[in-house]
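Observations on the model geometry
As a plain string of letters, each chain reads:
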Amino acid sequence: MNKKMVMIPILLGTLTLAGCGGSYSSDSSSGGGNSYGSNNNNYGKTMDDIAKKDTKSSSGATTLSQKDVFATVKSKLTTDVIVMLPKNIPLSSKKDYLSAKTTSSSDNYQVVFYETKQPISVNSADLKDTEKATPLVTVSGKTYATEQEAADATGHMDNVNTGVNGLDLGSGITGYSDAGAGSTFLSWAEGRWSLSVRNTTSGDQQDSIDLAKKVVAKLETETLPAPHQVGGVKLEAVPNRADGNSISWQDGATAYMVTQFADPLDGISVATSFTD
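Residues numbered from 1 in each chain as written. Predicted model: local features only at pLDDT ≥ 70, side-chain atom pairs only at ≥ 80, totals over all residues. Heavy atoms only, no water.

**A word on the side chain of Glu115**
One can find Glu115 in strand E2 (residues 108-116). The side chain of Glu115 is buried and forms no salt bridge, while Lys117, the nearest opposite charge, is found at 5.4 Å. Within the local environment of Glu115, its side chain forms a polar contact with the backbone nitrogen of Ser93, the two atoms lying 3.4 Å apart. (Helix = DSSP H or I, 4+ residues; strand = E, 2+ residues; numbered from the N terminus. Buried < 20%, exposed > 50% of the residue type's maximum accessible area, 1.4 Å probe, protein only. Lys, Arg positive; Asp, Glu negative; His and termini not counted. Salt bridge = Lys/Arg side-chain N within 4 Å of Asp/Glu carboxyl O. Polar contact = N/O pair within 3.5 Å; in protein donor to acceptor, adjacent residues only side chain to side chain.)

**Side note on the pairing of strand E10 (residues 254-259)**
Most of E10 sits out of view: 5 of its 6 residues are buried. Bridge count for strand E3 (residues 133-143) against E10 is 6 bridges, and the pairing is antiparallel. Bridging from a neighbouring strand, Lys142 pairs with Ala255 of E10. Of the strand pairs in this sheet, strand E9 (residues 246-251) and E10 are connected by 6 bridges, and their pairing is antiparallel. The residue bridging Asp251 from the neighbouring strand is Thr254, located in E10. Taking the residues between adjacent antiparallel strands as the criterion, E9 and E10 are bridged by 2 residues, where Gly252 takes a positive phi near 65°. (Pairing = 2+ DSSP bridges.)

**Remarks on the confidence of the model for the chain**
Here the chain averages 83 in pLDDT, while 77% of its residues score no lower than 70. Contacts for the low-pLDDT stretch residues 38-59, under 50 throughout, to residues beyond four places or in other chains number 63 contacts. (pLDDT = per-residue confidence, 0-100. Contact = heavy atoms within 4.5 Å.)

**What about the sheet that holds strand E4 (residues 166-170)?**
Strand order across the open sheet formed by 10 strands is E1-E2-E3-E10-E9-E8-E7-E6-E5-E4, with mixed pairing between neighbours. Strand pairing shows two members of the sheet lacking a second neighbour, strand E1 (97-105) and E4, which therefore form its edges. Direction aside, neighbouring strands of the sheet carry axes that sit 20° apart on average. Inspection of the sheet shows strand E6 (residues 183-190) paired to strand E7 (residues 193-200) by 8 bridges, in the antiparallel sense. Looking at E7, one finds that Trp188 is bridged to Leu195. Those strands touched by helix H2 (residues 66-75) are E1 and E2, and its axis lies near 15° from that of E1. (Axes fitted to C-alpha atoms, helices over the stretch in contact; angles between N-to-C directions.)

**Points about the nonpolar core**
One broad rule of soluble globular proteins: the nonpolar side chains tend to lie buried together. Among the nonpolar cores identified, the biggest contains 46 residues, and Val73, Phe113, Trp188, Val215, Ile247 and Val258 are the most heavily contacted of them. The element contributing the most residues to this core is helix H4 (residues 205-221), with 6 residues. Those residues in contact with Val215 that sit more than four places away from it in its chain are Trp188, Leu195, Leu235, Leu265 and Ile268. Residues Val112, Tyr114, Ile120 and Leu127 belong to the second largest nonpolar core, which totals 5 residues. (Core = buried A, V, L, I, M, F, W, Y, C linked by side-chain atoms within 4.5 Å.)

Written out as structure tokens, the structure reads:
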């Protein structure tokens, strides 16, 4: 007797996705509180068969988990640079989704990650609509002609653990303050990383201290990528200053960067997820 195979369609349920130097942006500030860190770090669940689920537009787009979004992003990058991507992106709501826009060439790649209210596929034109998609963070990698150029691109600062006005940041870390050009800086070093929090001279300097202490505490339980040779972190004490926040590290002649994130602690979370 012949047996007939019955194909049963499976309906996929919606998955919930989850660096003292002065090369900083201008001193204009935005309003808002300084409660750093998202309330919901809702990371996605794992799905299989990514290629079948990615679509060309948001219309009818199948929901991808964060793991699937990262894999889809990697598949769309054409570059000679060794691609490194985070494994988690904090979202502001467990009801929102993750998407991304990619660009690449032989010596660099860039990925802008977005938070969306409805599923939008990677590289969809709908990501240009600010009512549908909000940029969260940019991740990039660029290969330079020399290792020194890559090191310079990280913004790493030498000898930050010297000076006066030492301040205990916890965990045996001492920060040192400096000022210039309308800005104040609180800087310290951890291993091969230099870290700095910038504020305006008119701002509340306690905000800088509070943020620095939170970063130091966070890095007690989370690990930044190991730079070869140096890395730099530059953060803004003034809230919502995405242009001034950057985390970058060198790997030979390549510099990897996490930039354009509004919340400093969320940016740290993205950078440390590279090592998960």
